[in-house]
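# Reading the structure
Spelled out, the chains give:
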Amino acid sequence: MKLPRWFHQLGSPPYVYRLADRLCPWLGGLGVTLLIIGAYWGLVIAPPDYQQGDSARIIYIHPQTAYIGMMAYVVMAVAAAIGYVWRLKLAHAVAVSAAPIGAWFTFCALFTGSVWGRPTWGTYWQWGDPRIMFEALLLFLFLGYLALRGAFDDRDKADRVTAILAVVGVVNIPIVHFSVEWWNSIHQGPTIFRAGGPAMTNDMLVPFLIMVAAFTLTFYWLLLRRLQAEIIEREGDTRWIRELVAEGAP
Amino acid sequence: MTDRALLCGRELAVWRGERCLFEQLHFELGPEQLAVLVGANGSGKTTLLRILAGLGLPTAGSATWKGTSIAELAGEERAEIAYRGHHDALKRDMTVVENLAFHSALWGQEQAFEDILEELKLDHVAHMRARYLSAGQRRRAAMAMLKLQGAKLWLLDEPTTNLDGEGRALLVEWTHRHIAGGGLAVIATHQPDEFAMRGALVIDLS
Amino acid sequence: MSAFQAVLLRDLRVAFRRWSELAHPLIFFVIVVTLFPLALSPTSSQLREVGVGVLWVATLLSSLLALDGLFRADADDGSLEQMLLSPAPMTITVLAKVTAHALVTLLPLICLVPVSAYTFNIPLAALPTLAVALLLAAPTLSVLVALGAALTVGLRRGGSIVGLLVLPLTAPLLIFGTRATDLSVNGEPTTAPLLFLGALAALAVSLGPLAIAAAVKVGIE
């Protein structure tokens, strides 16, 4: 299959490393700025919820972490699949970099959800709630991926075996999203991605979306930084890395 | 006899982590040709044979059978290649006959193998479970499985291990018969002279 | 004889020649099911409440026990690579092995469950649903267990990590299976969860062998 030039360029570690160097300051700067703006807006300026009061302000953090966790998994699965089919080591590197970040975001989603659950539903944890269960499954998928990866000595084999696991687990993502529609759940139905448009008023919607953008940019910033570290570890003692060190790169 | 090469290795290279086992390996093998693979222990003979069998991919380069990359072969064309490694692929809890019957069913080659067993002097243990056979007898059973496959290309990794003098002579005779009948073979061995014949290609990995 | 039949019969034959090993998952199941009432000291109505869940969890755990026989034994003696190299498509071979595993490991387990259900005071009327739910869950469970075995076949000591990989993936089976049984105990219609189990089984059997074959191929390279 004939692939466009930029695809091949993206398969070159030095190119991607330097691209990451150029992108990271923007991603990081913008991401952190938006985080600060969004957090202040959401936690201080936006009105308290008419039902839950101030505890609902966690809506500016909790759904976002869950969303980023799921996005991280999709990034991981797609990268792993690309690496498997086209044998691109760099794609595998992306998958490996995404996994721990996704695991942390998913854990944060479960944690912030638990914190939210106490004042709202009276419980820190609700066994049998489908969305919580499938989100926990997502965390286990991440952990399983990392554990399986660590069990192999041969990195190439580890890459490809874990790619299969990642792709099989992608089935869980739509399940997490649709779980609130398919089953009775203490979670409310979808508020943003639904027919008829978002069900939030603008003074809450704007900081909500700002936080989504903020977390997304931060995720990609973290991803690229991890990717750079992963590239250096994989490329080891090659010429371009020695040049990089000689240049006095960070 | 044609000059057309069936098995081709081009710029084959294998790296294990930081270590290069071999690189820039070229060779071509046509019908009625034998290749003897030599090299010290750990030089990559087994790895190369497995790549030629389609059980792994080289770090660089390509291995093709009749023009198609070996890793992409399927069905009938895949059946033309037989690989015998260090393991004998005998289920210890099944008898020799049961093992051979399974193997021939797997390869879609249902045929009688009594005469093969007789030639290998295995007829008296044919109905014994493989766990009770000696290492040499298991090797002979593996030889029977090879014969049953009816493949065109034989990839053998140190096939004479555990065989006594008689067994070795039989294997060499079978190999020569296979080559003379239009087949090809790549054999990794520490005793290249054993399989010596005219026109044999020597691939030295050291 | 087709390749599928050949592999299936061979796996069944090998399993029965080591029939004492076949009993291990069954004994494990009985022990686990006995440990729960011992630990909980429940009243008879509490027994019924936990019984369904305990039975399902015990089935899941016991099915992990016969894992090694799926691929590791064949990988160790070289049969697995011969199967990979044969003209028979690996997905068919894998399907045959998974079927053999289901017949030899899961079917006896499923036969044990109704008996154990009785000891948990689960009403007789609910037993058919329980049995049907288990039968519907069995193909998916077999495929997931085989996937775990295939992913770890390249490891020298596969053991404990397989549980970590496979058990979370079996969560949907647990959820739907216990739901179906609970509904049946309460006399409500059980079509919805049973249909889900059936759908999962269809999905697992059609797509699972692809993933399993790919994992085996990578694992024994």
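Residues numbered from 1 in each chain as written. Chains lettered and ligands numbered in written order. Predicted model: local features only at pLDDT ≥ 70, side-chain atom pairs only at ≥ 80, totals over all residues.

Once that is clear, we can look at the overall build of chain C. A count of helices and strands for chain C gives ten helices and zero strands. Along chain C, helices (α) and strands (β) appear in the sequence α-α-α-α-α-α-α-α-α-α when read from the amino end. For chain C, the C-alpha atoms occupy an extent of roughly 55 × 35 × 30 Å along the three principal directions. The long-range share in chain C, meaning contacts at least 24 apart out of those at least 6 apart in sequence, stands at 82%. (Helix = DSSP H or I, 4+ residues; strand = E, 2+ residues; numbered from the N terminus. Contact = placed C-beta atoms within 7 Å.)

Time to look at the environment of glutamate 243 of chain A. Residue and element names in this part refer to chain A. Its location among the elements puts glutamate 243 in helix H9 (residues 239-247). The exposure class of glutamate 243 is exposed, given the 11 C-beta atoms found within 10 Å. For the pair glutamate 243 and arginine 160, spaced 83 residues apart in sequence, the C-alpha separation works out to 30 Å. (Buried ≥ 20, exposed ≤ 12 C-beta atoms within 10 Å, placed from the backbone.)

Contacts are most numerous, across the two pairs of chains in contact, for chains B and C. Across all C-alpha pairs, the smallest distance from chain A to chain B is 8 Å, and the two are not in contact.

Let us look at the interface of chain B and chain C. Each side of the interface is counted separately: chain B has 22 residues, and chain C has 20 residues. When residues of the side of chain B that touches chain C are traced back to their parent elements, those giving at least two are helix H2 (75-78) and helix H3 (96-106) of chain B. Taken together, the residues that form the side of chain B that touches chain C break down as eleven nonpolar, six polar and five charged. (Nonpolar A, V, L, I, M, F, W, Y, C, P; charged D, E, K, R; others polar.)

We now examine unusual backbone geometry. In this structure, arginine 87 of chain A is a non-glycine residue whose phi angle is positive, near 50°. The topology assignment puts arginine 87 of chain A in the loop between helix H3 (62-86) and helix H4 (89-121). Overall, arginine 87 of chain A belongs to the partly exposed group, with 14 C-beta atoms counted inside 10 Å. In this structure, alanine 89 of chain B takes a positive phi of about 60° despite not being glycine. The residue alanine 89 of chain B is located in the loop between strand S6 (81-84) and H3 in this model.

The next thing to look at is the sheet that holds strand S1 (residues 7-16) of chain B. Residue and element names in this part refer to chain B. What the four strands build is an open sheet, ordered S2-S1-S4-S5; its pairing is antiparallel. The two strands at the open ends of the sheet, each matched to only one other strand, are strand S2 (19-29) and strand S5 (68-69). In the sheet, strand S4 (residues 60-65) pairs with S5 via two bridges, with the strands oriented antiparallel. What sits directly across from tryptophan 65, in S5, is threonine 68. (Pairing = 2+ DSSP bridges.)

Between chain C and chain A, the residue contacts involve 16 residues of the former and 15 residues of the latter. Listing elements by their share of the side of chain C that touches chain A, those giving two or more residues are helix H7 (127-151), helix H8 (159-169), helix H9 (171-185) and helix H10 (191-219) of chain C. It is H10 of chain C that provides the largest number of residues to the side of chain C that touches chain A, a total of five residues. Broken down by class, the residue content of the side of chain C that touches chain A amounts to 13 nonpolar, two polar and one charged.

Let us look at the sheet that holds strand S9 (residues 201-204) of chain B. All names here are of chain B. The strand order S6-S7-S8-S3-S9 describes an open sheet built from five strands, whose pairing is parallel. Strands with a single pairing partner mark the edges of an open sheet, and in this sheet they are S6 and S9. Going across the sheet, the axis of each strand differs from the next one's by a mean of 15°, ignoring polarity. Bridge count for strand S7 (residues 153-157) against strand S8 (residues 184-188) is five bridges, and the pairing is parallel. Residue pairing in the sheet places leucine 153 in a bridge with leucine 184 of S8. (Axes fitted to C-alpha atoms, helices over the stretch in contact; angles between N-to-C directions.)

So, on to H7 of chain C. For H7 of chain C, spanning 25 residues, the distance from its first C-alpha to its last is 35 Å, which sits close to the expected 36 Å at 1.5 Å a residue. Most of H7 of chain C sits inside the fold, with 19 of its 25 residues counted as buried. (Expected span 1.5 Å × (residues − 1).)

A separate point is helix H2 (residues 13-45) of chain A. Residues and elements named next belong to chain A. Spanning 33 residues, H2 covers 44 Å between terminal C-alpha atoms, matching the ideal 48 Å at 1.5 Å per step. By the largest-angle criterion, leucine 23 marks the main kink of H2, which is about 35°, and a proline, proline 25, follows within four residues. Those residues of H2 not exposed but buried are Pro13, Tyr17, Leu27, Gly31, Gly38 and Gly42. Next to the buried residues of H2 lie H4 and helix H8 (202-235). (Bend = angle between axes of the 7 residues up to and from the residue.)

With that out of the way, let us pick up the packing of H3 of chain B against helix H5 (residues 135-149) of chain B. Residue and element names in this part refer to chain B. Contact geometry for H3 and H5: axes closest at 10 Å, N-to-C directions at 25°. For the element pair H3 / H5, the angle class is roughly parallel. The chirality of how H3 crosses H5 is right-handed. Residues Val96, Asn99, Leu100, His103 and Ser104 of H3 touch H5, and the partners they reach there are Ala141, Ala144, Met145 and Leu148. Each residue belonging to the contact of H3 with H5 can be placed in one class, and the counts come to six nonpolar, three polar and no charged. (Parallel < 35°, antiparallel > 145°, perpendicular 65-115°, else oblique. Left-handed = near helix turned anticlockwise from the far one by under 90°.)

Side chains that are nonpolar tend, in soluble globular proteins, to be buried together. Counting residues in each nonpolar core, the largest one holds 196 residues, and the members touching the most others are Met76 and Ala95 of chain A, Ala144 and Leu155 of chain B together with Ala215 and Val216 of chain C. Among the elements that make up this core, the one with the highest residue count is H7 of chain C (15 residues). (Core = buried A, V, L, I, M, F, W, Y, C linked by C-beta atoms within 7 Å.)

All names here are of chain C. At a minimum axis distance of 9 Å, the contact between H7 and H9 shows a crossing angle of 170°. The angle between H7 and H9 places the two elements in the roughly antiparallel class. Facing Thr129, Leu130, Ala133, Leu134, Ala137, Thr140 and Leu141 of H7, the residues of H9 in contact are Leu173, Gly177, Ala180, Thr181 and Ser184.

Before going further, it helps to examine the pairing of S4 of chain B. Walk down a regular strand and you will see the side chains alternate between the two sheet faces. Residues and elements named next belong to chain B. Two elements, S1 and S4, share five bridges in a ladder whose sense is antiparallel. Looking at the pairing, cysteine 8 lines up with threonine 64 of S4. In textbook terms, the turn of a hairpin is the stretch between consecutive antiparallel strands, and for S4 and S5 this stretch comprises two residues, one of which, lysine 66, has a positive phi near 50°.

To continue, consider the environment of cysteine 108 of chain A. Residue and element names in this part refer to chain A. Inspection of the secondary structure puts cysteine 108 in helix H4. On the basis of neighbour count, cysteine 108 is assigned to the partly exposed category, with 18 C-beta atoms found within 10 Å. When the C-alpha positions of cysteine 108 and threonine 65 are compared, they lie 6.4 Å apart, and in sequence the two are 43 residues distant.

The next subject is the confidence of the model for chain C. Of all residues in chain C, 99% attain a pLDDT of 70 or more, and the chain-wide mean is 89. Interface predicted TM-score (ipTM) for the complex: 0.88; the corresponding pTM is 0.89. (pLDDT = per-residue confidence, 0-100.)

Moving on, we come to the pairing of S8 of chain B. Residue and element names in this part refer to chain B. Of all five residues that make up S8, five are buried, and the element is covered over most of its length. Taking every second residue as pointing to the same face, both faces of S8 are buried, with Leu184, Val186 and Ala188 on one and Ala185 and Ile187 on the other. Where strand S3 (residues 33-38) lies against S8, five bridges are found, and the strand directions are parallel. By the bridge assignment for S8, leucine 34 is matched with alanine 185. Regarding the hand of the β-α-β motif, the stretch spanning S7, helix H6 (residues 165-180) and S8 is right-handed. (Right-handed = clockwise from strand over helix to strand, strands pointing away.)

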